[in-house]
Amino acid sequence: MTTSTDPAADPLSGLTWPVTTERLTLRRVSPGDAEAIWEYRRLPEVSYWLTFAPRDLEDWRERLTAPERLATTLVAELDGRIVGDFYVRVEDAWAQREVADQARGAQAELGWVFHPAVGGRGYATEGCRELLRVCFEELKVRRVCANAFADNEASWRLMERLGMRREQHTVRESLHRELGWVDGIGYALLADEWQRGRGTASG
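Residues numbered from 1 in each chain as written. Predicted model: local features only at pLDDT ≥ 70, side-chain atom pairs only at ≥ 80, totals over all residues. Heavy atoms only, no water.

Undergrad: Would you mind going over the packing of helix 1 (residues 34–41) against helix 3 (residues 57–64) with me for this structure?
TA: A pair of packed helices can be characterised by two numbers: the angle between their axes and the separation between those axes. For the pair helix 1 and helix 3, interaxial distance at closest approach is 10 Å and the crossing angle is 120°. Classified by the angle their axes make, helix 1 and helix 3 are oblique. Between helix 1 and helix 3 lies a crossing whose hand is right-handed. Contacts between helix 1 and helix 3 pair Ala-34, Glu-35, Ile-37, Trp-38 and Arg-41 from the former with Leu-57, Trp-60, Arg-61 and Leu-64 from the latter. The class makeup of the residues in the contact of helix 1 with helix 3 is 6 nonpolar, no polar and 3 charged. (Axes fitted to C-alpha atoms, helices over the stretch in contact; angles between N-to-C directions. Helix = DSSP H or I, 4+ residues; strand = E, 2+ residues; numbered from the N terminus. Parallel < 35°, antiparallel > 145°, perpendicular 65-115°, else oblique. Left-handed = near helix turned anticlockwise from the far one by under 90°. Contact = heavy atoms within 4.5 Å. Nonpolar A, V, L, I, M, F, W, Y, C, P; charged D, E, K, R; others polar.)

Undergrad: How do you make sense of helix 3 when you look at a structure like this?
TA: The periodicity of an α-helix, 3.6 residues per turn, causes residues three or four positions apart to be oriented the same way. Of all the residues in helix 3, the buried ones are Asp-59, Trp-60 and Leu-64. Take helix 3 and look down its axis: the buried residues cluster within an arc of 130°, on one side only. The secondary structure elements touched by the buried residues of helix 3 are helix 1, helix 4 (67–72) and strand 3 (73–78). Its side-chain oxygen placed 3.2 Å from the backbone nitrogen of Glu-58, Asp-56 serves as the N-cap of helix 3. (Buried < 20%, exposed > 50% of the residue type's maximum accessible area, 1.4 Å probe, protein only. Arc of directions from axis to C-beta. Polar contact = N/O pair within 3.5 Å; in protein donor to acceptor, adjacent residues only side chain to side chain.)

Undergrad: Would you take a moment to explain the pattern of salt bridges for this structure?
TA: Should their charged atoms come close, side chains of opposite charge can pair. Throughout the structure, instances matching the rule amount to 20 salt bridges. Across the salt bridge formed by Arg-165 and Glu-167, the nearest N and O atoms sit 2.7 Å from each other. Using a relative accessible area of 30% as the deciding quantity, one classes Arg-165 as partly exposed. On the accessibility criterion, Glu-167 (38% relative accessible area) is partly exposed. The salt bridge involving Glu-193 is made with Arg-165; its shortest N-O contact spans 2.5 Å. With Glu-193 in helix 7 (residues 191–202) and Arg-165 in strand 7 (residues 165–176), the pair connects residues that are 28 residues apart, well separated along the chain. Through salt bridges with shared partners, one network takes in Glu-130, Arg-133, Glu-137 and Glu-138. (Salt bridge = Lys/Arg side-chain N within 4 Å of Asp/Glu carboxyl O.)

Undergrad: What's the story with helix 1 in this structure? I'm lost.
TA: Those residues of helix 1 that sit buried are Ala-34, Ile-37, Trp-38, Tyr-40 and Arg-41. For helix 1, the secondary structure elements touched by its buried residues are helix 2 (44–47), helix 3, helix 4, strand 3, strand 4 (81–91) and strand 5 (107–114).

Undergrad: Where do I start with unusual backbone geometry in this structure?
TA: The bulk of non-glycine residues show a negative phi, and the bulk of peptide bonds are trans. The omega torsion of the bond from Trp-17 to Pro-18 falls at 5°, within 30 degrees of zero and hence cis. The phi torsion at Asp-79 lies on the positive side, around 55°, for a residue other than glycine. By secondary structure assignment, the location of Asp-79 is in the loop between strand 3 and strand 4. Asp-79 gets classed as exposed once you look at its relative accessible area, which sits at 78%.

Undergrad: So what exactly am I meant to see when it comes to the pairing of strand 3 here?
TA: When a strand is regular, its side chains alternate between the sheet's two faces. Counting buried residues along strand 3, 6 of its 6 residues qualify, which places the element largely inside the surrounding structure. Side chains Thr-73, Val-75 and Glu-77 project from strand 3 onto one buried face, and the interleaved Leu-74, Ala-76 and Leu-78 project onto a second face that is buried too. Where strand 2 (residues 25–28) lies against strand 3, 4 bridges are found, and the strand directions are antiparallel. Opposite Leu-26, over in strand 3, you have Ala-76 as the bridge partner. Between strand 3 and strand 4, which pair antiparallel and follow one another directly, the connecting turn spans 2 residues, one of which, Asp-79, has a positive phi of 55°. (Pairing = 2+ DSSP bridges.)

Laid out in structure tokens, this is it:
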């Protein structure tokens, strides 16, 4: 179980890990996880929509072990086996200078990648729901956002299952390595919206 060391530099380190859902265990990534994650991230159908496609295991290991990556990555384990990974980055909200201190660490960006072999069983949704809880209840952010290529329907459908709201649809502003300039989309959820949704779900 890991606990806080320097929450200011690494907000996730201020929390207690792992956390569990009905079927998954979510924990901080470690350099030793590189090979297990590479098993699915190397697949063309997985890397197609990701921000980068590592050349090989060593390229991936180098990227994963960069301090910023280690600070923002979690893994999902199913029966002790890594089946996916998450990106959680706490960031400052945009603010005018006079109130900028109130915007520090006010929001988080969420991302996810899962092994196709476990697709269609709700694991990504289950893990993301727990991380929304972590973001709002433990990290105390006021807003969580997620972004994707507009053609990545599986991704934005998941965002909608989480109760997130589509806030933007940009036109040909994202450059895909194979498709060229394509549309992008952004979703978000506010803490009070999430809380209301939990009340509805529990009632």
